[in-house]
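Notes for the structure review
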Amino acid sequence: MNELVLTAAITGAELTKKENPNLPLSPAEQARAAVDCVKAGAAVIHLHVRDDAGKPSQELEHFRRTVDAIRAACADAKIEVPILQFSTGGAVGEPMERRIAPLSLRPDMASFNLGTMNFGRDIFVNTRPDMRSLAEAFVKYKVTPEFEVYDLGHIDELHSLIQEGLVHAPYHVQFVLGVPGGARPYPGKDETDATRLRFLISQLPPGSTWGVAGVGRYERSLAHLSIALGGQVRVGLEDNIYFSKGVLAESNAQLVADIARHARSAGRDAATPSAARKILEL
Ligand code: KMH
Ligand code: ZN
């Protein structure tokens, strides 16, 4: 089977070290985490950054310093620089113009969220006009989007954007499943999850690549399902702070290594960053 593109979502915007002290926040911590994840099999780093107080930030300077730190750490470790995928989701409540701004740094990829939704106790706002401004910025800065799909209607929105000529191939879709307010897996009902995932895949634009990010306790089971169905996988502390029930993950790399090991036993080696660039048509 094809190689597995593993994405590590190393930091996120909603968590603090209170929930997991191993969450990387500073540029140096994020750089170390990125290197360790690449060594463990990750090809893509999904990146949120923080300010000096550890608060979520969409400031250009905060992205720039983390990117520089990751590049330098990869050079020191003599490893390939991973595909860097900036978040344009930011933190709940961040206005769209601030979320768009980092695209001007022209990262390899960036996330593109496809609809307003309940997000735990919050509302994650992505209005239709905002999404159209976001699409224009992706075209302007020539950044490849990763479309974040939390529910069926988000795929419909992707089709609308394509029909309006606002987004263009390649289409890479991340199914983020398990957010309270979005589509959720059925614990213990693997067949139901497989049926639902197969249906979501069947609705994608032709030629799309896709992966699954299972949130919280669904991370591992959905990763295994995606591997079995030929998809890609995202794991990391942004999505899940535990390694197993009640046991905090020691690092992002621990979560990546666990999935890479499983993938290998299922006949899929983890793709290197350059192999992943080919698979994702970057
Ligand atoms: N922080 C979440 C509200 C993304 O990175 O594009 C949204 C998020 C998605 O993390
Ligand atoms: Zn994110």
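Before reading on, note that the structure itself is shown above.
Residues numbered from 1 in each chain as written. Chains lettered and ligands numbered in written order. Predicted model: local features only at pLDDT ≥ 70, side-chain atom pairs only at ≥ 80, totals over all residues. Heavy atoms only, no water.

**Some thoughts on the overall build of the protein chain**
Broken down by element type, the protein chain carries nine helices and 14 strands. Over its C-alpha trace the protein chain gives a radius of gyration of 17 Å, about what one expects of a compact globule, namely 19 Å for 282 residues. For the protein chain, the spread of C-alpha atoms along the three principal axes comes to 45 × 40 × 40 Å. Looking at the protein chain alone, contacts between residues at least 24 apart form 72% of all its contacts between residues at least 6 apart. For the protein chain, the distance from the average site of its 31 positive side-chain charges to the average site of its 34 negative ones is 2 Å. (Helix = DSSP H or I, 4+ residues; strand = E, 2+ residues; numbered from the N terminus. Rg over C-alpha atoms; globule rule 2.2 N^0.38 Å. Contact = heavy atoms within 4.5 Å. Lys, Arg positive; Asp, Glu negative; His and termini not counted. Charge placed at Lys NZ, Arg CZ, Asp CG, Glu CD.)

**A short note on the sheet that holds strand β11 (residues 209-214)**
Reading around the barrel, the eight strands line up as β1-β2-β5-β6-β9-β10-β11-β12 and close back on themselves, with parallel pairing between neighbours. Within the sheet, the average angular offset between the axes of one strand and its neighbour, ignoring direction, is 25 degrees. Note: strand β1 (residues 6-9) against strand β2 (residues 44-47), three bridges, orientation parallel. Bridge assignment links Ala9 to a residue of β2, and that residue is His46. Of the strands in this sheet, β6 (109-113) and β9 (144-149) are in contact with helix α4 (residues 128-140), which crosses β6 at around 165 degrees. Helix α5 (residues 152-163) rests against β6, β9 and β10 (172-177) of the sheet, and its axis sits at about 145 degrees to β9. (Pairing = 2+ DSSP bridges. Axes fitted to C-alpha atoms, helices over the stretch in contact; angles between N-to-C directions.)

**Topic: the environment of Leu255**
Inspection of the secondary structure assignment puts Leu255 in helix α8 (residues 252-265). Assessed through its relative accessible area of 4%, Leu255 is described here as buried. Between the alpha carbons of Leu255 and Gln174 there is a distance of 18 Å; along the sequence they are 81 residues apart. With near-sequence residues (within four places) excluded, Leu255 lies in contact with Glu219, Val235, Gly236, Leu237, Asn240, Tyr242, Phe243 and Ala249. (Buried < 20%, exposed > 50% of the residue type's maximum accessible area, 1.4 Å probe, protein only.)

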